[in-house]
Amino acid sequence: MSTPMNQNPHPAKHPLAASEPDEGNPIPAKRPRTSDQPPQATSLSLPSSTQDTPNANKVMPEPSDTYIELRFQLARFKGVYRIARLPLSFTFAHLYKCILLIFGWSGMHLHQAQVLTHVELYSETYRPDEIKKHRSIRIPEEPDRHDDLEAWQHWLWFYSKNSHDPMMRVSPRGKSYDDDSWLLGNEPWNLDDPWERVTAEIQVPCKKDHEVTLGDVWSRNRAHNISKGECRNQEIGIKFEYDLGASWEVHITVHRDKNHEYMWCLHTPDNRPILITAKGAPPSEDARSYRKDIEPKKKAVANLLFELDTFERYLKGEVRSVVRNNELLVYEASHPPADLMEEEDDLDDETCEEEEV
């Protein structure tokens, strides 16, 4: 299901240039201001203090004058995806809540995200809009062993293991769940040692969800995106993982509309996400329900998901979403469907029976 593309959710807006700004006439960079940034700040560096950051579980982000169009592709499930326009003031905490809403997940499992650079996608016929490979900008390209064997051996020894590192990791606690940096201890780096010097240079930072915004990842001015201009915005992506170990992955990449535009400047700043397209839904989150599911790409999506105020109401706990055997349901929290309550009772009974056995 999708909203008609000829209807403009924001009438007072104009698209930015589809191509990157020319070096001779760059678009002035303007980073959306979040609550933990002083009004006069214009740097794109990540905020160092988060004491005044609002709780993204309940509070909408600050209004932004710039929106970006992104595609959310559920990995390994062809035909299950979302296309949405989000304000660059969205933090990763807001992004997490938005993903829960649009995919109907409960939020009962751990999650983390990786920001990737030099992203390449699979072909449209094989696994459309899924990330095939990426390369960290901190790692130099692999030299040709036939041109310079010594340089290639140096790269193999120092860099090959980390060539697929993300640019940044983001998680609720600010530490990656698969991070092994604790093995290095808390001793300062010995920069006279070649190995420790390289290790210090390529170490991947890990930030908390509310410390990073979409404006830290993508920017109207290429020179101010997370790669500092080395990658185009279209070469930067996010790999979001939910229910660690079960490998629910959502690949988030820049999506161009029919006019080949992906970023818009608004006359009036706003903070509401705009869902453009929603196709299919994941399998039921409870594994015991899989055998009753229809094909994920054929699942229906509730019309309420497209309402502009649905995300804000979701943060307030007024509406909820859930994946069922044949649909993604969005419903009023105060009036859950009767059959949904019966399903929950049945699951509780099954759990009790398993515990008794």
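Quick notes on the rules
Residues numbered from 1 in each chain as written. Predicted model: local features only at pLDDT ≥ 70, side-chain atom pairs only at ≥ 80, totals over all residues. Heavy atoms only, no water. Helix = DSSP H or I, 4+ residues; strand = E, 2+ residues; numbered from the N terminus. Buried < 20%, exposed > 50% of the residue type's maximum accessible area, 1.4 Å probe, protein only. Contact = heavy atoms within 4.5 Å. Polar contact = N/O pair within 3.5 Å; in protein donor to acceptor, adjacent residues only side chain to side chain. 1 Å grid on protein atoms, 1.4 Å probe; cavity = no way out; pocket = protein on both sides within 12 Å on 5 of 7 lines; lining within 4 Å. Points joined across faces, edges and corners; volume = space filled by probe spheres on them. Nonpolar A, V, L, I, M, F, W, Y, C, P; charged D, E, K, R; others polar. Core = buried A, V, L, I, M, F, W, Y, C linked by side-chain atoms within 4.5 Å. Salt bridge = Lys/Arg side-chain N within 4 Å of Asp/Glu carboxyl O. Phe/Tyr/Trp six-rings, centres within 6.5 Å; stacked < 30°, edge-to-face > 60°. Expected span 1.5 Å × (residues − 1). Pairing = 2+ DSSP bridges. Lys, Arg positive; Asp, Glu negative; His and termini not counted.

Student: Help me understand the overall build of the protein, please; the structure alone is not making it clear to me.
Tutor: Across its full length, the protein carries six helices and 15 strands. Put simply, the protein has 357 residues, and 46% of those count as buried. Long-range pairs, those at least 24 residues apart, make up 70% of the contacts in the protein between residues at least 6 apart in sequence.

Student: Hey, could you run me through the side chain of arginine 71 in this one?
Tutor: Its place among the elements puts arginine 71 in strand S2 (residues 64-74). The exposure class assigned to arginine 71 is buried, which follows from its relative accessible area of 9%. A polar contact is formed between the side chain of arginine 71 and the side chain of aspartate 129, at a distance of 3.3 Å. Once residues lying within four places of it in the same chain are set aside, the contact partners of arginine 71 are Tyr81, Arg82, Ile83, Pro128, Asp129, His251, Ile252, Thr253 and His255.

Student: Which parts of the structure should I look at to understand empty space enclosed by the protein?
Tutor: Empty space among the atoms becomes apparent when a probe as large as a water molecule is rolled across them. As enumerated under the stated definition, the model contains five cavities of 30 Å³ or more in all. Of the pockets and cavities examined, the largest cavity occupies roughly 110 Å³. As for the largest cavity, its lining consists of 13 residues, and the residues nearest its centre are Leu101, Ile102, Pro273, Leu275 and Leu305. Every element with two or more residues in the lining of the largest cavity is listed here: helix H1 (92-103), strand S12 (274-279) and helix H5 (310-315). When its residues are assigned to classes, the lining of the largest cavity shows 11 nonpolar, one polar and one charged.

Student: What's the story with the nonpolar core in this structure? I'm lost.
Tutor: It is characteristic of soluble globular proteins that their nonpolar side chains tend to be buried jointly. Counting residues in hydrophobic clusters, the biggest one holds 56 residues, and the most contacted among them are Phe72, Phe92, Leu214, Trp218 and Ile252. The element that contributes the greatest number of residues to this core is H1, accounting for nine residues. In this structure phenylalanine 72 touches Val80, Tyr81, Arg82, Ala84, Leu86, Leu95, Ile99, Ile102, Phe103, Val250, His251 and Ile252, once residues within four positions along its chain are discounted.

Student: How do you make sense of the pattern of salt bridges when you look at a structure like this?
Tutor: Side chains that differ in charge, positive against negative, can pair when their charged atoms come close. The full count for this structure, using the stated rule, is 13 salt bridges. Across the pair lysine 133 and glutamate 120 runs a salt bridge, and its minimum N-O distance is 3.9 Å. Taken together, the residues lysine 133 in strand S6 (residues 131-133) and glutamate 120 in strand S5 (residues 120-121) connect sequence positions 13 residues apart. With relative accessibility at 41%, the residue glutamate 120 sits in the partly exposed group. One salt bridge in this structure joins glutamate 130 and arginine 127, with 2.7 Å as the shortest N-O distance. Of the residues examined, arginine 127 reaches a relative accessible area of 21% and is grouped as partly exposed. Residues participating in the shared-partner salt-bridge network are Glu295, Lys297 and Lys298.

Student: What exactly am I supposed to notice about the packing of aromatic side chains here?
Tutor: Taken as a whole and judged by the stated rule, the model has seven aromatic pairs. For the ring pair tryptophan 105 and tyrosine 242, a centre distance of 4.9 Å and an interplane angle of 15° mean the geometry is stacked. One end of the pair, tryptophan 105, is in the loop between H1 and strand S4 (111-116); the other, tyrosine 242, is in strand S9 (residues 237-242), with 137 residues separating them in the sequence. Accessibility assignment for this pair places tryptophan 105 and tyrosine 242 in one class, buried. Ring geometry for tryptophan 105 versus tryptophan 248: centroids 5.7 Å apart, planes at 55°, classification tilted.

Student: I tried to follow H1 on my own but got confused; where do I start?
Tutor: For H1, which comprises 12 residues, the first-to-last C-alpha distance of 16 Å matches the rise-based estimate of 16 Å (1.5 Å per residue) to within 8%. Those residues of H1 that sit buried are Phe92, Ala93, His94, Leu95, Tyr96, Lys97, Cys98, Ile99, Leu100, Leu101, Ile102 and Phe103. Of the residues one or two after H1, glycine 104 is the one with positive phi, at around 75°.

Student: Which parts of the structure should I look at to understand unusual backbone geometry?
Tutor: Negative phi is the rule for most residues except glycine; trans is the rule for most peptide bonds. Of note, the phi angle at lysine 228 is positive, near 60°, even though the residue is not glycine. On the basis of relative accessibility, which here comes to 57%, the residue lysine 228 falls in the exposed class.

Student: It is not clear to me how the sheet that holds strand S13 (residues 300-301) should be interpreted in this structure. Could you clarify?
Tutor: Adjacent strands of a sheet pair through backbone hydrogen bonds, lying either parallel or antiparallel. Ordered by their spatial adjacency, three strands build an open sheet running S13-S15-S14, and the pairing between neighbours is mixed. Of all the strands in the sheet, the pair left with one neighbour each is S13 and strand S14 (319-323). Taken together, the two bridges between S13 and strand S15 (residues 327-332) define a ladder with parallel strand orientation. Among the inter-strand pairings, valine 301 is bridged to a residue of S15, identified as leucine 328.

Student: Help me understand the environment of isoleucine 139, please; the structure alone is not making it clear to me.
Tutor: Assignment of secondary structure puts isoleucine 139 in the loop between S6 and helix H2 (149-158). On the basis of relative accessibility, which here comes to 2%, the residue isoleucine 139 falls in the buried class. It is 5.8 Å that separates the C-alpha atoms of isoleucine 139 and serine 163, two residues lying 24 residues apart in sequence.

Student: When you look at the side chain of glutamate 241 in this model, what are you seeing that I'm missing?
Tutor: Summarising the element assignment, glutamate 241 is placed in strand S9. Despite its burial, glutamate 241 remains without a salt bridge, the nearest opposite charge being carried by arginine 76 at 8.0 Å. Beyond its immediate stretch of four places on either side in the chain, glutamate 241 contacts Leu110, His111, Gln112, Ser247 and Trp248.

Just geometry here; none of it tells us what the structure is for.
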